[in-house]
Amino acid sequence: MKIYYLLSAIFFLSSGVMTILSADESRPGNYYRSVWHPVHFSPAINTATDEQCLSCHQEVINQKVLSKTLAGVTAESTQAWYQTLTTYEGPQETFHRRHLVTPLAKKLMNLKCITCHQGSDPREQAPVPPDLNNTNYTLRKQVNPEVCLMCHGDNPYQLMGLPSPWEESSEMFQNNCLLCHSGIRTHRHQVNYLNADAIEEAGKENSDVCFGCHGGRQWYRIPYPYPRHAWEGMAEEVPEWAKDRPTESEPRFQLNQLQAHK
Ligand code: HEC
Ligand code: HEC
Ligand code: HEC
Ligand code: HEC
Ligand code: HEC
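The rules behind each value
Residues numbered from 1 in each chain as written. Chains lettered and ligands numbered in written order. Predicted model: local features only at pLDDT ≥ 70, side-chain atom pairs only at ≥ 80, totals over all residues. Heavy atoms only, no water. Helix = DSSP H or I, 4+ residues; strand = E, 2+ residues; numbered from the N terminus. Buried < 20%, exposed > 50% of the residue type's maximum accessible area, 1.4 Å probe, protein only. Contact = heavy atoms within 4.5 Å. Areas by Shrake-Rupley, 256 points an atom, 1.4 Å probe, with all protein chains shown as cover. Near = heavy atom within 4 Å. Polar contact = N/O pair within 3.5 Å; in protein donor to acceptor, adjacent residues only side chain to side chain. Nonpolar A, V, L, I, M, F, W, Y, C, P; charged D, E, K, R; others polar. 1 Å grid on protein atoms, 1.4 Å probe; cavity = no way out; pocket = protein on both sides within 12 Å on 5 of 7 lines; lining within 4 Å. Points joined across faces, edges and corners; volume = space filled by probe spheres on them. Core = buried A, V, L, I, M, F, W, Y, C linked by side-chain atoms within 4.5 Å.

Visitor: Just to check I follow, could you spell out the overall build of the protein for this structure?
Guide: A count of helical and extended segments in the protein gives 13 helices and zero strands. Counting the 262 residues in the protein, one finds 29% classified as buried. Considering only contacts within the protein whose residues lie at least 6 apart along the sequence, 62% involve residues at least 24 apart. Carbon and sulfur atoms make up 58% of the accessible area of the protein, which amounts to about 18500 Å² in all.

Below, the structure is given as structure tokens:
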């Protein structure tokens, strides 16, 4: 019996090793070669196109949600709190589709795979053994959540001088962000992952468009500390809360970056 186990263990081990050793480097579709493909890591990922990623990951766009959970709840009959804004439309969709291909996403945004996926190597990012002096690792997360925070943070109504959260005070301002923002912080959304003009157009019709990304789909308890671009008519004096703010968007998001190309 023992010998049987030993033999089968040797068999499984060696067949595993053989699979790795026989990995023909030049053969397309090789699993290990694909997993460790340089395009997954910096620097290649910094300029990778969606087409490159999708040549192997088409499923990210194709997959649909189940029509029913195992317990029998239908997708049709379910709505989450963040799906109650007036801008929400269509049937339930996957996370990737909601950010890349559904109508609202396509209209307002220009997200690329590499806007969120900056390349992560678990071997590099999770020091073994874990070390208290080295806590600054993304630790196996594939995406830095700060990216999400940019569009899913709290609405900083206090620093706007609003008397209460937007849900309560919006009527006082005619449900219209542009009542103030046609003159304040008007240099906005000039980044390669947003469609700035389309956002302004849509925001004129419906402030839920604006609120959606600035508090209306809040996943975090904190607001994002946006860069504070200079605008026409801006006062010289910088308010206290804005003293440490950058005045330009993160370099990799700026419009002149290579990333802007499809
Ligand atoms: C040559 C094919 C190929 C290309 C090109 C490719 N990938 Fe992958 N990728 C893979 C394979 C294979 C895996 C491992 C999947 C698994 O084990 O389930 C993987 C894993 C991943 C994972 C982790 C998935 C998980 O479940 O652990 C992410 C995220 C990912 N790829 C994103 C990207 C992005 C973004 C790009 C473009 C910059 C890209 N990939 C380009 C083949 C590829
Ligand atoms: C809005 C940000 C965002 C965009 C844009 C994005 N992803 Fe992802 N992706 C994520 C997050 C978040 C996860 C889950 C990561 C985790 O589990 O750590 C993920 C997971 C994945 C995975 C793992 C398998 C899965 O489906 O969970 C693959 C593969 C992947 N993404 C590929 C892509 C490709 C290819 C593109 C471009 C067509 C893309 N992603 C665009 C945020 C994004
Ligand atoms: C550039 C802005 C932007 C970024 C960055 C972004 N999102 Fe979103 N997210 C949106 C918008 C817009 C919607 C609403 C789409 C709709 O209602 O059709 C949304 C919707 C969602 C939803 C709801 C999906 C659904 O089916 O209703 C989740 C969950 C979500 N985002 C999580 C994330 C996470 C996690 C990240 C970071 C990996 C992220 N988002 C990054 C703009 C963004
Ligand atoms: C009563 C006028 C007023 C209204 C209404 C208003 N804002 Fe503001 N908003 C401001 C002021 C003032 C600032 C700060 C300007 C500065 O940087 O000095 C600001 C700042 C912001 C910022 C930048 C925050 C930061 O931390 O840098 C965002 C984002 C924003 N507003 C979005 C909105 C959205 C979305 C709405 C509608 C849901 C809205 N605002 C409604 C006056 C207003
Ligand atoms: C799809 C998500 C999205 C929508 C819709 C959106 N914003 Fe933004 N907004 C962002 C992001 C992301 C930034 C930070 C961009 C950067 O790095 O400069 C931003 C920045 C801002 C800023 C700071 C400007 C600066 O740089 O000084 C203001 C003010 C603002 N938005 C107001 C609005 C208003 C008003 C609307 C509606 C007309 C709106 N937003 C719609 C995502 C969004």
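Visitor: Quick question: what am I supposed to make of the site of ligand 1 here?
Guide: In the region of ligand 1, 14 residues are neighbours, and Tyr-31, His-40, Cys-53, Cys-56 and His-57 sit closest. Note that an oxygen atom of ligand 1 is positioned 2.5 Å from one of the side-chain N or O atoms of Tyr-31. Between a nitrogen atom of ligand 1 and a side-chain N or O atom of His-57, the distance comes to 2.8 Å. Broken down by secondary-structure element, the contributors of at least two residues to the shell around ligand 1 are helix H2 (31–35) and helix H3 (50–57). With four residues, the single largest contributor to the shell around ligand 1 is H3. A per-class count over the shell around ligand 1 returns seven nonpolar, seven polar and no charged.

Visitor: I would appreciate a short explanation of the layout of surface pockets in the present structure.
Guide: By volume, the second largest pocket is sized at about 1300 Å³. Among the elements of the structure, helix H9 (145–152), helix H11 (178–181), helix H12 (196–205) and helix H13 (208–216) are those that each provide at least two residues to the lining of the second largest pocket. Per element, the largest residue contribution to the lining of the second largest pocket is five residues, and it comes from H13. Partitioning the lining of the second largest pocket into residue classes produces 32 nonpolar, 11 polar and seven charged.

Visitor: How should I be thinking about the nonpolar core in this particular structure?
Guide: Side chains of nonpolar character tend, in soluble globular proteins, to be buried together. By size, the foremost hydrophobic cluster in this structure holds 17 residues, and its most contacted members are Leu-108, Met-109, Met-150, Val-191, Tyr-193, Leu-194 and Phe-253. Elements represented by at least two residues in this core include exactly helix H6 (103–108), H9, H12 and H13. Tallying contributions element by element places H9 first for this core, with four residues. In this view, Val-191 contacts Ser-249, Phe-253 and Leu-255; residues no more than four positions away in its chain are not counted. Counting residues in hydrophobic clusters, the runner-up holds seven residues, among them Leu-85, Trp-166, Cys-177 and Phe-211.

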